[in-house]
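# Close look at the chain arrangement
The residues making up each chain are set out below.
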Amino acid sequence: MTTHYIKLKEQFCDAVYFGDKPFEIRKNDRCYQKGDHIKFLPVNETGDLLIIDGKKIPSIDHPVEDKTYEITYVLSGWGLERDYVAFGLKEVKE
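Residues numbered from 1 in each chain as written. Predicted model: local features only at pLDDT ≥ 70, side-chain atom pairs only at ≥ 80, totals over all residues. Heavy atoms only, no water.

### What to know about the sheet that holds strand β7 (residues 84-91)
Ordered in space as β1-β3-β6-β7-β2, the 5 strands form an open sheet in which the pairing is mixed. The open sheet terminates on both sides in strands that have one partner only, identified here as β1 (3-9) and β2 (23-27). Between one strand and the next, the sheet's axes are offset by a mean angle of 45°, whatever the strand orientation. Pairing geometry for strand β3 (residues 37-43) and strand β6 (residues 69-76), over 2 bridges, is antiparallel. Bridged to Ile38 within β6 is Tyr69. Across the face of the sheet, helix α1 (residues 10-17) comes into contact with β1, β2, β3 and β6 while running at roughly 120° to β1. (Pairing = 2+ DSSP bridges. Helix = DSSP H or I, 4+ residues; strand = E, 2+ residues; numbered from the N terminus. Axes fitted to C-alpha atoms, helices over the stretch in contact; angles between N-to-C directions. Contact = heavy atoms within 4.5 Å.)

Shown next, in the form of structure tokens:
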């Protein structure tokens, strides 16, 4: 199992946080697999992360960054652009 830290634009943060958007469509540049974990880094509309003391941190404050999500399903092909996947998410209860 791998934990992926990925940016999430501000416009999608509430939908993921409240469970209205239990999926992501992403370029599969990280070899996403069922069972992997996702930690979201909320970012502003330009997608910027802040760099402080060499560490990348979210550019906006949103509680979605405090949650961990598990990939429940990975779909490739079937109408998605080449090298893209859609994956299902569920919150990991600590």
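### Considering the nonpolar core
In this structure, Tyr32, Ile38, Phe40, Val64, Tyr69, Phe87 and Leu89 are the most contacted members of the largest nonpolar core, which totals 13 residues. Put simply, the parts of the chain that give this core at least two residues each are β1, α1, β3, β6 and β7. By residue number, the principal contributor to this core is β7, which donates 3 residues. Sequence-distant contacts of Phe87, defined by excluding residues within four places in its chain, comprise Ile6, Pro22, Phe23, Glu24, Arg26, Tyr32, Ile38, Ile71, Tyr73 and Val74. (Core = buried A, V, L, I, M, F, W, Y, C linked by side-chain atoms within 4.5 Å. Buried < 20%, exposed > 50% of the residue type's maximum accessible area, 1.4 Å probe, protein only.)

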